Every structure is written in structure tokens, then in C-alpha cells.
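Below are the chains, spelled out letter by letter.
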Amino acid sequence: MRGSQVFGIALVSSIALAPLAEAKNVSFSGYQWEVRSGQGGPGPNSWDDRNAWVDVNGHLHLKIAWRDGRWTTAEVYMPQQRLGYGTYQFKVIGRPDLFDDNVVLGLFNYTRPDVGPDATNEIDIEFAKWGGSQPQMGNWAVYPAVTGVPYSHQAYSISLGGTYSTHRFQWSSTQVFFQALHGHQDGNANQMASWLFNPPDYVQRIPQNPLPVHMNFWLFQGRAPKNGQEAEIVIAEFKFIPAP
């Protein structure tokens, strides 16, 4: 991800080269995550590694912050590990149902170059109104395994009675089952919404290869929050249960 520079032998032997800055990493829910920094999509946004940290309780904080004269965003991802079929569960602390119209929280797996290009091989839980163009804050999406096939999307209304909620998807080669539930739980009580995506042409429409997990907190099209306020969300736990 960082560019490299080639120096001549004589130059290398005559100067002390400063080491490249190490990427920031955090340990969360038993996995190692790299914290993103720099410019880029989605958005595009300015990703700042100061906007992601793990507190003394082991909870992951993601923040959208005004820093150095600009809005900055947060993302963490698995730099090496890829997870396959199974259940992906995220326990959230906060009120994603009350996000500003330009704020987006993504909990998802994402393609790699050896698997497929962008807009393929991705399964998303997202909270966003996409600038206010959509009334529902909840979004589920499945991007196809191959190019030339449209992605599939389901929007749903979310209204929380408190600050704890659980969000998960169960991924197999033939289907993806999404759930949103009140409270922090491993069961199925107090379900808010669900969606079963089981297309007949599943080999094309459902990712078939293991993928790394990402979590990001960002601004739609890089736009400032309409309310002008910083925002923060907490992920209390990420859990992956492999398919039997």
C-alpha cells in the first residue's frame, strides 16, 4: 500500500535511511486490525488513524472528527486474515438510527485483487441515508462474485429503544441471511428486521471465496455532516462463527 523508492548503491551506503512509518494496529475481539490512514474512497474521505482505538473494556471506537481543518473518518480491517462461510456478528453501542444524513457506518467483508475487482465480492451491513435520499437508515447488500451482475440491496427502517443492538449475517455458498436485533445477544430475540438472499444463480450473485473483514465510519461523498457535529460509534464485540 505504500510506494517504494530505489536508491543507488553508493547513495545507500553514504546516508542513513529513515524507516517507513509503521501502520497503526489494534487488537480487538481476538483479531488484529490495521487502522487506515490517508485519502481515498469511499467518499472520498480523509482517513485518520487517530479516529480508531480500543478502550480499557476492549471496545472498538470509531470516530468522525474535525481535525486540522478538515473532516476525518475511520476504518479498521484485517490486513492478512480472510474469513469464509459462517456467521459474522457485530454488537454495537450507540444510535445508528439517529445518524446524520451524511454519516455512514459499514460492517462488511470486502474483495481483494486476487478475488475480484471493486463492486464484486462484498457483503455489507450499512447504516446510511445516503445524503437524505433514502428514508430508511438500515441497509444490507450483497455484491456478486463476478463482474457484469448487479448487486442486491435491501433497505429497512431501524428504530432503537436503547443504545445496544446486534447485527449479523450468515454467509454460505448459496445464501446470505441478515438480521438486526435489539440488545446485545447471540440468540434471535427481539428481532427488528431480517432478509434472506437466496438467488437461484448463487454462484454468480454470492461471493464464493474467503474475504477480510472491514469496519468503517465515514461521510457520504465526503460531505460534511449536515448538523456540523462530530460523531462516534462503539463496536463492543465482533464474533465470527465458522460454518460447520
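Calculation criteria
- Residues numbered from 1 in each chain as written.
- Predicted model: local features only at pLDDT ≥ 70, side-chain atom pairs only at ≥ 80, totals over all residues.
- Heavy atoms only, no water.
- Buried < 20%, exposed > 50% of the residue type's maximum accessible area, 1.4 Å probe, protein only.
- Helix = DSSP H or I, 4+ residues; strand = E, 2+ residues; numbered from the N terminus.
- Pairing = 2+ DSSP bridges.
- Core = buried A, V, L, I, M, F, W, Y, C linked by side-chain atoms within 4.5 Å.
- Contact = heavy atoms within 4.5 Å.
- Salt bridge = Lys/Arg side-chain N within 4 Å of Asp/Glu carboxyl O.
- Axes fitted to C-alpha atoms, helices over the stretch in contact; angles between N-to-C directions.

Attention now goes to the pairing of strand β1 (residues 25-28). Within a regular strand, the side chains alternate between the two sheet faces. Burial along β1 is one-sided: the face carrying Val26 and Phe28 is buried and the face carrying Asn25 and Ser27 is not. When β1 meets strand β2 (residues 31-35), the two strands line up antiparallel, connected through four bridges. Counterpart to valine 26 in the pairing with β2 is tryptophan 33. Counted along the chain from β1 to the antiparallel partner β2, the turn is two residues long, and its residue serine 29 has a positive phi close to 55°.

One broad rule of soluble globular proteins: the nonpolar side chains tend to lie buried together. Trp33, Leu62, Met215 and Phe238 are the most contacted members of the largest nonpolar core, which has 50 residues in total. Excluding residues within four positions of it along the chain, leucine 62 makes contact with Asn51, Ala52, Ala74, Val76, Leu105, Met215, Asn216, Phe217, Ala231, Glu232 and Ile233. Counting residues in hydrophobic clusters, the runner-up holds six residues, among them Val104, Ala128, Trp130 and Phe220.

Before going further, it helps to examine the pattern of salt bridges. A full pass over the atoms with the stated rule returns eleven salt bridges. One salt bridge in this structure joins arginine 36 and glutamate 75, with 2.9 Å as the shortest N-O distance. Taken together, the positions of arginine 36 in the loop between β2 and β3 (38-40) and glutamate 75 in strand β8 (residues 74-77) put the pair 39 residues apart, joining distant regions of the chain. Pair check on accessibility: arginine 36 and glutamate 75 agree, each one buried. Where glutamate 237 meets lysine 91, a salt bridge forms, and the shortest distance between an N and an O atom there is 3.4 Å. Placement of the pair is glutamate 237 in strand β18 (residues 231-242) and lysine 91 in strand β9 (residues 86-93), with a sequence separation of 146 residues. Take glutamate 237: its relative accessible area is 25%, and that puts it in the partly exposed class. Sharing partners across several salt bridges, the network here consists of Lys91, Asp186, Glu237 and Lys239.

Pairing is antiparallel across the open sheet formed by eight strands, whose spatial order is β1-β2-β8-β17-β10-β11-β12-β13. Only two strands of the sheet have a single neighbouring strand rather than two, namely β1 and β13 (152-156). Averaged over all pairs of adjacent strands, the angle between strand axes in this sheet comes to 20°, irrespective of strand direction. Note: strand β11 (residues 122-127) against strand β12 (residues 138-143), six bridges, orientation antiparallel. The partner of glutamate 122 across the bridge, within β12, is tyrosine 143.

Limitation: the analysis is restricted to geometry and does not speak to function.
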